[in-house]
Amino acid sequence: MSTHQLAALARTAEPRLMLRRFLALDAAVTGANALAYLALSGPLGRCLGAGSGLLLALGAFLAVYAGCVGLLAARSRPPALAVRAVVEANLAWAAVSFAALALWLTPTTAGAVWTVLQALVVAAFALLQHGALRQDQGSSA
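What counts, and where the lines are drawn
- Residues numbered from 1 in each chain as written.
- Predicted model: local features only at pLDDT ≥ 70, side-chain atom pairs only at ≥ 80, totals over all residues.
- Heavy atoms only, no water.
- Helix = DSSP H or I, 4+ residues; strand = E, 2+ residues; numbered from the N terminus.
- Buried < 20%, exposed > 50% of the residue type's maximum accessible area, 1.4 Å probe, protein only.
- Areas by Shrake-Rupley, 256 points an atom, 1.4 Å probe, with all protein chains shown as cover.
- Contact = heavy atoms within 4.5 Å.
- Core = buried A, V, L, I, M, F, W, Y, C linked by side-chain atoms within 4.5 Å.
- 1 Å grid on protein atoms, 1.4 Å probe; cavity = no way out; pocket = protein on both sides within 12 Å on 5 of 7 lines; lining within 4 Å.
- Points joined across faces, edges and corners; volume = space filled by probe spheres on them.
- Nonpolar A, V, L, I, M, F, W, Y, C, P; charged D, E, K, R; others polar.
- Salt bridge = Lys/Arg side-chain N within 4 Å of Asp/Glu carboxyl O.
- Axes fitted to C-alpha atoms, helices over the stretch in contact; angles between N-to-C directions.
- Parallel < 35°, antiparallel > 145°, perpendicular 65-115°, else oblique.
- Left-handed = near helix turned anticlockwise from the far one by under 90°.

### Details of the overall build of the chain
- Scanning the chain from terminus to terminus reveals six helices and zero strands.
- Its helices and strands in sequence order give the chain the pattern α-α-α-α-α-α, from N to C terminus.
- Per-residue burial over the chain gives 35% buried out of 141 residues.
- Counting only carbon and sulfur atoms, one obtains 70% of the accessible surface of the chain, whose full area is about 7700 Å².

If you want it as structure tokens, here you go:
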């Protein structure tokens, strides 16, 4: 993704602010997902074809993850190693989502669509964060 495309999405041309915004958006979306899983595990489980226990466990994990990504976004200079860990975790989440859908989940149609959509969103966060990190490292070199 080009510098101009990243800047347009982040609404800034400053690489570090761009990176922080993509991390903050990731934290917000992940946190909202976590809260939904925690607060509505029963109804969402029935809608998606997933057990409420699975959604509660995922919700708890995502809440902690969102908090960590949010703390990283709040830093004036997010460490590159930590950002890379977030990028890799997001890519792993997307890959595991697709693998789970193919190998062991038996979701409803809504659950299958949700699994694919959230995996694509998480993969997009990884790509945006990676691109912004590269821009930031290039501007400080």
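### Describing the side chain of Gln118
- Relative to the elements of secondary structure, Gln118 occurs in helix 6 (residues 109-139).
- Classification of Gln118 as buried rests on a relative accessible area of 11%.
- Leave out the neighbours within four places in its chain, and Gln118 touches Trp93 and Ser97.

### Points about the nonpolar core
- Counting 16 residues, the largest nonpolar core has Leu19, Leu23, Val69, Val83 and Val86 as its most contacted members.
- Among the secondary structure elements, those contributing two or more residues to this core are helix 2 (15-39), helix 4 (52-74), helix 5 (80-103) and helix 6.
- If one sorts the elements of this core by residue count, helix 2 sits on top with five residues.
- Not counting residues within four places of it along the chain, the set of residues in contact with Leu23 comprises Val69, Leu72, Ala73, Pro78, Val83, Val86 and Gln129.

### Digging into the layout of surface pockets
- Each pocket or cavity is described by its volume, and for the largest pocket that value is around 400 Å³.
- What lines the largest pocket is a set of 20 residues, and nearest its centre among them are Leu54, Leu58, Ala100, Leu105 and Thr115.
- Looking at the lining of the largest pocket, the elements with two or more residues in it are helix 2, helix 4, helix 5 and helix 6.
- Grouping the amino acids of the lining of the largest pocket by side-chain chemistry returns 13 nonpolar, seven polar and no charged.

### Side note on the pattern of salt bridges
- Under the definition given, this model contains one salt bridge.
- We note a salt bridge from Asp136 to Arg16, for which the minimum N-O separation is 3.2 Å. Taken together, the residues Asp136 in helix 6 and Arg16 in helix 2 connect sequence positions 120 residues apart. For the pair shown, Asp136 and Arg16 are each scored as buried.

### Topic: the packing of helix 4 against helix 5
- Between helix 4 and helix 5, the shortest axis-to-axis distance is 11 Å and the interhelical angle comes to 150°. Here helix 4 lies roughly antiparallel to helix 5, going by the angle between them. Here helix 4 runs over helix 5; the crossing is left-handed. Here helix 4 contributes Leu58, Phe61, Leu62, Tyr65, Val69 and Leu72 to the contact with helix 5, which in turn contributes Ala82, Val83, Val86, Ala89, Asn90 and Trp93.

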